[in-house]
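Here is what each chain is made of, one letter per residue.
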Amino acid sequence: MLYKNSHIFSSIHIILTYSYIHYINLTPSLSLAIHVLANCNTLFMEQNMISAMVKQVRDIFTFFFLAIFSKAIGTKPYSRTSAQAKSCSNECLSWRLAVEANNVRGWRTVPDHCHRYIETYMIGGQYEQDVNYIVEQIESYVTDLVVGGDGMDAWILDVDDTCLSNIVYYKGKKYGCDPFDPSGFKAWAMKGGCPAIPAILRLFTKLIDSGFKVFLVTGRDEETLAPATTANLHNQGFIGYERLIFRSQGFKGKSAVVFKSEIRKQLMEEGYRIWGNVGDQWTDLQGDCLGNRTFKLPNPMYCVP
């Protein structure tokens, strides 16, 4: 009889344990346990077994209560793997924020262990949300500006990962974990298939409609990439800009800061008032003649020195 009772309670315990581990609805398991207990009442008449029965019933229902409570508060079993993954994600978040704040400079590649984090950031919706939020701030600023009647109010927009997105290309480069490949990027750019970044295209249209002269300034090589880039921008809706300025032969070998500072200086010498400057690289926004305000778009995939 003792063996038979122990077997019954062990079965109940297994049912409830299985339910708890797999986070399923525990109600059917409880009903089964109660049903088994009801059908076994006649077996529990022996006086010398009452104590053992009470203890096992108490243990079972204590376990059941803890299972329900744990499910209610969302507690999950400790997982070393999930804890390590969370730690890695937090570290990569810190790295990305340090990069965007320009506290990490001159970096060559994304840390290998941040590959999946950057991938998720770029294509999982957060990058798009961040860009949209920044553009909303720019649009708010634009709304408060008063455009003069002389046609000399200007804005400067970068091209790569400001107007046009290279996310598709960088997917094949592990979102920046692989070193920069000049030949590979040139081949990609010559295809002219870069999609527009929607929020920037919206901003571009607003600037044109508001009477500003928009200058697109890019570090792409004029000699080899001008035709494909011009067509790409046109096909994506960037129509009506004042001038598209490439890196000419005279600026080869010079840093992005030197090149773009000189272009801005030339525009100001022509009499243009630069009200805003938008880019995804800090080197787009450093140097001389920056204009009235600068706006940095996120880009944790690569760094242009």
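Residues numbered from 1 in each chain as written. Predicted model: local features only at pLDDT ≥ 70, side-chain atom pairs only at ≥ 80, totals over all residues. Heavy atoms only, no water.

A.B. asks: Provide a residue-level description of the side chain of Asp158, including the pertinent values.
C.D. replies: Of note, Asp158 is situated in the loop between β1 (153–157) and α7 (167–171). A polar contact of 3.0 Å, which involves the side chain of Asp158, links it to the side chain of Thr162. Here Asp158 is in contact with Cys163, Val217, Thr218, Lys260, Val278, Gly279, Asp280 and Asp284, once residues within four sequence places are set aside. (Helix = DSSP H or I, 4+ residues; strand = E, 2+ residues; numbered from the N terminus. Polar contact = N/O pair within 3.5 Å; in protein donor to acceptor, adjacent residues only side chain to side chain. Contact = heavy atoms within 4.5 Å.)

A.B. asks: Any details on the pairing of strand β2 (residues 213–221)? Residues and values, ideally.
C.D. replies: Most of β2 is tucked away: seven of the nine residues are buried. Judged from the four bridges that link them, β1 and β2 form a sheet pairing that is parallel. For Leu157, the partnering residue across the bridge sits in β2 and is Leu216. Pairing between β2 and strand β3 (residues 243–247): four bridges, direction parallel. Following the sheet pairing, Phe215 is matched in β3 by Arg243. On the question of chirality, the crossover connecting β2 to the parallel β3 by way of helix α10 (residues 222–235) is right-handed. (Buried < 20%, exposed > 50% of the residue type's maximum accessible area, 1.4 Å probe, protein only. Pairing = 2+ DSSP bridges. Right-handed = clockwise from strand over helix to strand, strands pointing away.)

A.B. asks: Any chance you could break down empty space enclosed by the protein for me, citing the residues and the numbers?
C.D. replies: The final tally for this structure, using the stated rule, is one cavity of 30 Å³ or more. Looking at the largest cavity, its volume works out to about 30 Å³. The wall of the largest cavity is formed by Ile156, Leu157, Asp158, Val217, Lys260, Asn277, Val278 and Asp284. Within the residue set of the lining of the largest cavity, elements represented by two or more residues are β1 and β4 (273–279). (1 Å grid on protein atoms, 1.4 Å probe; cavity = no way out; pocket = protein on both sides within 12 Å on 5 of 7 lines; lining within 4 Å. Points joined across faces, edges and corners; volume = space filled by probe spheres on them.)

A.B. asks: So what's going on with α10? Residues and values would help.
C.D. replies: Because each turn of an α-helix spans 3.6 residues, side chains separated by three or four positions end up pointing in the same direction. With 14 residues, α10 should cover 20 Å at 1.5 Å per step; its first-to-last C-alpha distance of 19 Å lies within 8% of that length. Listed as buried for α10 are Leu225, Ala226, Ala228, Thr229, Asn232 and Leu233. Considering only its buried residues, α10 is in contact with α8 (182–190), β2 and β3. A distance of 3.4 Å separates the backbone nitrogen of Glu223 from a side-chain oxygen at the start of α10, and that oxygen is part of Asp221. (Expected span 1.5 Å × (residues − 1).)

A.B. asks: An account of the side chain of Arg220 is requested, with residue identities and associated values reported.
C.D. replies: Relative to the helices and strands, Arg220 resides in strand β2. With residues near it in sequence (within four places) discarded, Arg220 still touches Asp160, Asn166, Phe185, Ala189, Cys194, Leu225, Thr229, Phe246 and Arg247.

A.B. asks: Talk me through the nonpolar core; I want residue IDs and the actual numbers.
C.D. replies: One finds Ile118 and Trp155 to be the most contacted residues of the largest nonpolar core, which totals 53 residues. Of all the elements, helix α6 (residues 126–143) adds the most residues to this core, at seven residues. Of all hydrophobic cores here, the second largest spans twelve residues; its members include Met152, Ala154, Ile156 and Ile245. (Core = buried A, V, L, I, M, F, W, Y, C linked by side-chain atoms within 4.5 Å.)

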